[in-house]
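# Per-entry structural report
Each chain, written out:
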Amino acid sequence: MLVRCTVYQKGRKLCDIPPDEIHEYLDEPGCFVWVALADAEPQILDKMQEQFGLHPLAVEDARQGHQRPKLEEYGDSLFVVMHMIELDGEDVRQGELHVFVGPNYVLSVRIGARQTLQEVRARSEREPELLRNGAGYVLYALMDAVVDRYFPVLHALEAQLETVEERLFERATGSPWEVLKALYGIKRKLALLKHAVSPLPEIIGRLFGGRVPHLTSGMQEHFRDVYDHALRLNQSIDSLSDTVITATSVNLSMISLAENETMKRLAAYGALVAVPTMIAGIYGMNFQHMPELATRWGYPLTLAVMAVIDGYLFYRLRKAKWL
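Everything in this summary refers to the structure shown in the same document.

What counts as what
All residue numbers here refer to positions counted from 1 along the written sequence of the relevant chain. The predicted nature of this model means local features are confined to residues of pLDDT at least 70 and side-chain atom pairs, given and counted, to a pLDDT of 80 or more, with totals for whole chains, interfaces and linings taken over all residues. The side-chain values count all of the structure's non-hydrogen atoms but skip hydrogen atoms and water molecules. Like-charged residues are merged into a patch within 9 Å and nonpolar side chains (Val, Leu, Ile, Met, Phe, Trp, Tyr) within 5 Å, provided each residue has over 30% relative accessible area and no salt bridge. Residue exposure ignores everything except the shown protein chains as possible cover, and the areas themselves are Shrake-Rupley values with a 1.4 Å probe. By convention in these notes, a salt bridge is any Lys or Arg side-chain nitrogen within 4 Å of a carboxyl oxygen on Asp or Glu. Only four residue types enter the charge count, namely Lys and Arg as positive and Asp and Glu as negative; His and the chain termini do not. A charged residue contributes its charge at one atom only: NZ of Lys, CZ of Arg, CG of Asp or CD of Glu. Under the DSSP-based scheme used, a helix requires at least four consecutive residues in state H or I and a strand at least two consecutive residues in state E, with every element numbered from the N terminus. Working definition: with a 1.4 Å probe on protein chains only, accessible area under 20% of the residue-type maximum means buried, over 50% means exposed, and in between means partly exposed. Here, residues are in contact when the closest pair of their heavy atoms is within 4.5 Å. Each polar contact in these results corresponds to two N or O atoms within 3.5 Å; when the atoms are within protein, one needs to be able to donate a hydrogen and the other to accept it, and residues that are neighboring in sequence are counted only if both atoms are side-chain atoms. We call a set of buried Ala, Val, Leu, Ile, Met, Phe, Trp, Tyr and Cys residues a nonpolar core when their side-chain atoms join them within 4.5 Å. The arc in question is traced by the directions running from the helix axis to the C-beta atoms. Strand pairing requires that DSSP identify at least two bridges connecting the strands. The axes used here are C-alpha line fits, helices contributing only the stretch in contact, and every angle between their N-to-C directions lies in the interval 0 to 180 degrees.

### Looking at a negative patch on the surface
A contiguous patch of negative charge on the surface is contributed by Glu162, Glu165, Glu166 and Glu170. In this fold, Glu166 is placed in helix H6 (residues 150-168). Take Glu166: its relative accessible area is 55%, and that puts it in the exposed class.

Quick look at the structure:
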């Protein structure tokens, strides 16, 4: 659907217009049109392509969705894809933001994202001196907003990991397999965040270093700031991923230790049962001439021997902490 279609001139809002009138303002000096779409239908994208002269390949990517983060240049226009990661309770959701940028227009298309970008427009309108830079500044503001929204997600995952780490050495919190399941869930969310963030330094670096596109000239220091944020995110995600791997290894080691303790206890109880079983088995053989068979006190004596041997084994096993 169409969220907003606004004309700006020399850094200030001129008016909101219907999409059919976009072409009337594209040739006005100092003007650019900023259109925001959310989960746009194909016919709306076709109309935008006709109004702005968008490249067919870029429009096809926006129509299909499920694109990796990237930056593509088509003549004097840019096409940027970023992933929008949002918190949904303790889980995370992934959406996409496709941005078409030309000398006199900005078209942003949100796909599958709940959070809007209205605050980006409000921020831009509060900074007319920067908005005078035109479409290049709007691209910076959109990218900066998307990158800044990754930090709350990362902090939430850090808090989840701290909670799981506290459960690692507390037996009363449930099965270690539940801890392992929680760690795997955090690892999956981190992989989703990493997939969104890892391409950004390379993408943003093309907007302020080396051959800078004409659209972003004069905005290099702003894109450099976004670049620093993206680098910090990447480093934090890698560090958190290493912590998850370490916690998983510790949890698996604890599971192995618990299983070893169980096997030791079973072996100890098996030894206690084996001695009486062996003695009873011997005297259960059907032979006529066996020691003590005709003795009056043979039966209680045999039981006493079993008890003494088992008592001694129990003492040694308890001392060795097998029981």
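Anyway, onward from the coordinates.
### Focus: the pattern of salt bridges
Tallying each qualifying case throughout the model produces 13 salt bridges. When the shortest N-O distance is used, the salt bridge between Asp46 and Arg63 registers 2.5 Å. Of this pair, Asp46 sits in helix H1 (residues 42-52) while Arg63 sits in helix H2 (residues 56-64), placing them 17 residues apart in sequence. Using a relative accessible area of 37% as the deciding quantity, one classes Asp46 as partly exposed.

### Digging into unusual backbone geometry
Despite not being glycine, Asp39 has its phi angle at roughly 50°, a positive value. Along the chain, Asp39 falls in the loop between strand S3 (31-38) and H1. The class of Asp39 is partly exposed, set by a relative accessible area of 45%. Notably, His66 is not glycine yet its phi reads approximately 55°, a positive angle. Among the structural elements, His66 can be located in the loop between H2 and strand S4 (70-74).

### Description of the environment of Asp39
The spatial distance from the C-alpha of Asp39 to the C-alpha of Ala113 is 8.5 Å, given a sequence separation of 74 residues. Look past the residues within four positions of Asp39 in its chain and what remains in contact with it is Met1, Arg110, Ile111 and Gly112. Of note is the side chain of Asp39, whose polar atom sits 2.8 Å from the backbone nitrogen of Gly112.

### Focus on the nonpolar core
Residues Leu139, Leu142, Met143, Tyr150, Leu193 and Phe223 are the most contacted members of the largest nonpolar core, which totals 59 residues. Among the elements of the structure, S3, strand S5 (77-88), strand S6 (91-102), helix H5 (135-148), H6, helix H7 (176-197), helix H8 (200-205) and helix H9 (220-283) are those that each provide at least two residues to this core. Considering every element that reaches this core, the biggest residue donor is H5, with 11 residues. Ignoring any residue separated from it by four or fewer positions in sequence, one finds Phe223 in contact with Gly136, Leu139, Tyr140, Met143, Ile204, Leu207, Phe208 and Thr216. Within the second largest apolar cluster, 25 residues are counted, among which are Met48, Val59, Tyr105 and Leu107.

### Some remarks on the side chain of Ser124
Along the chain, the position of Ser124 falls in helix H3 (residues 118-126). We classify Ser124 as buried; its relative accessible area is 0%. Apart from the residues within four sequence positions on either side, Ser124 is in contact with Trp34, Leu131, Tyr137 and Ala141.

### Some points on H1
Taken together, the buried positions of H1 are occupied by Leu45, Met48, Gln51 and Phe52. Each buried residue of H1 sits inside an arc of 120° when the element is viewed along its axis, so together they form one side. Tucked inside the fold, the buried residues of H1 contact S3, H2 and strand S7 (105-111). Positive phi shows up at Gly53, right after H1, with a value of about 70°.

### Comments concerning a nonpolar patch on the surface
A surface patch of nonpolar side chains, amounting to about 370 Å² of accessible area, comprises Met278, Ile282, Tyr283 and Met285. Along the chain, Ile282 falls in helix H9. For Ile282, a relative accessible area of 39% puts it in the partly exposed group.

### What to know about the pairing of S3
Across the 8 residues of S3, 8 count as buried, placing the element largely inside the fold. Residue alternation in S3 divides its side chains into two sets, Cys31, Val33, Val35 and Leu37 and Phe32, Trp34, Ala36 and Ala38, and both sets are buried. Bridge count for strand S1 (residues 2-9) against S3 is 7 bridges, and the pairing is antiparallel. Within S3, the residue paired with Val7 across the bridge is Val33. Bridging between S3 and S7 involves 6 bridges; their strand directions are parallel. The residue bridging Val35 from the neighbouring strand is Leu107, located in S7.

### With respect to the sheet that holds strand S2 (residues 12-16)
Within the open sheet, the 7 strands sit side by side as S2-S1-S3-S7-S6-S5-S4. Their pairing is mixed. Among the strands making up the open sheet, the edge pair consists of S2 and S4. With strand direction ignored, the average angle separating the axes of adjacent strands in the sheet is 20°. The pairing of S4 with S5 spans 5 bridges and is classified as antiparallel. Counterpart to Tyr74 in the pairing with S5 is Ser77.

Nothing here speaks to function; it is geometry throughout.
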